[in-house]
Amino acid sequence: YYLGVEGIIIEGSLGRKKYESKHDNKHLLGEFKRPLTEILAILNKESDNYLAETVFKIIGAHYGKYENTAKSARERIAFVLDSIGIPMKNCTLNDGSGLSRRNAVPLATFIKLLETADKLKLTKKFDSLLAVAGIDGTMKNRFEKSLAENNLVGKTGTLKNVSGLAGYVHTLDGEKLAFVFL
């Protein structure tokens with residue numbers, strides 16, 4: 001109850017839980033029960049690098065038994081993507097946010113990822129987790145009053161002297177196209 005005094009707002013319930021750790025020196029500090037799609041929508045639409053890095057490390061923690069989370073995340077992501085036909089052979093992932101200049105992913109891999117994500121049967125369509133041109137997120141002020149407004153969805157990425165945009169757009173004939181510009 002001290003959180004409220006400090007101005008931290010809790011939505012939902014707060015309680016205590018006994019936690020049995022497999023690792024003697026590890027303790028449960030908190031638990032989030034929010035659907036991953038909600039987190040991914042914020043991450044993608046707002047291009048939230050902190051959330052991206054956190055999700056990356058959570059993947060690594062879960063699959064790496066809480067040891068060397070970045071390495072475990074890279075291995076698990078490569079395994080999953082390879083298993084659904086997205087080749088990771090020429091890819092280098094150094095972080096989860098994409099801020100490392102040592103990250104390297106061929107454009108063909110990005111396109112294959114977008115095409116595959118569009119075909120997967122997920123609880124939410126993957127493209128609904130992306131910013132909408134002229135409407136929200138990092139795309140709110142882009143492509144306004146153009147044919148792309150409320151038609152193009154994508155994820156932006158920027159570093160000093162580098163800009164990227166990947167996503168989907170529908171043609172005038174209604175065909176859905178995946179694109180990547182770096």
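So, a few notes on the structure that sits alongside this text.

### Looking at the pairing of strand β3 (residues 162-170)
Here's step 1: In this sheet, β3 lies alongside strand β2 (residues 153-159) in antiparallel orientation, the contact comprising 7 bridges. Residue Lys155 lies in a different strand from β3, and its bridge partner there is Ala166.
Here's step 2: Turn length for the β2-β3 hairpin, with the two strands adjacent in sequence and antiparallel, is 2 residues, and the turn residue Asn161 shows positive phi of about 65°.
Here's step 3: As paired elements, β3 and strand β4 (residues 176-181) share 6 bridges and run antiparallel to each other. Bridge pairing in β4 places His170 opposite Lys176.
Here's step 4: Taking the residues that link successive antiparallel strands as the turn, the β3-β4 hairpin has 5 residues, and the phi of Gly174 there is positive, at about 90°.

### Some points on the environment of Ala73
Here's step 1: Considering the arrangement of structural elements, one finds Ala73 in helix α4 (residues 69-83).
Here's step 2: Owing to a relative accessible area of 0%, Ala73 belongs among the buried residues under this scheme.
Here's step 3: Sequence separation between Ala73 and Lys57 is 16 residues; the distance between their C-alpha atoms is 6.5 Å.
Here's step 4: Non-local contacts of Ala73, meaning those with residues more than four positions away in its chain, are made with Phe56, Ile59 and Gly60.

### As for a nonpolar patch on the surface
Here's step 1: There is a patch of nonpolar side chains on the surface, built from Ile84, Leu120 and Leu122 and spanning about 250 Å² of accessible area.
Here's step 2: By secondary structure assignment, the location of Ile84 is in the loop between α4 and α5 (107-119).
Here's step 3: Assessed through its relative accessible area of 37%, Ile84 is described here as partly exposed.

### A word on the pairing of β2
Here's step 1: As paired elements, strand β1 (residues 131-132) and β2 share 2 bridges and run antiparallel to each other. Looking at the pairing, Val132 lines up with Val153 of β2.

What counts, and at which threshold
- Residues numbered from 1 in each chain as written.
- Predicted model: local features only at pLDDT ≥ 70, side-chain atom pairs only at ≥ 80, totals over all residues.
- Heavy atoms only, no water.
- Pairing = 2+ DSSP bridges.
- Helix = DSSP H or I, 4+ residues; strand = E, 2+ residues; numbered from the N terminus.
- Buried < 20%, exposed > 50% of the residue type's maximum accessible area, 1.4 Å probe, protein only.
- Contact = heavy atoms within 4.5 Å.
- Patch = residues over 30% accessible without salt bridge, like charges linked within 9 Å, V, L, I, M, F, W, Y side chains within 5 Å.
- Areas by Shrake-Rupley, 256 points an atom, 1.4 Å probe, with all protein chains shown as cover.
- Salt bridge = Lys/Arg side-chain N within 4 Å of Asp/Glu carboxyl O.

The analysis is restricted to geometry; functional conclusions fall outside its scope.
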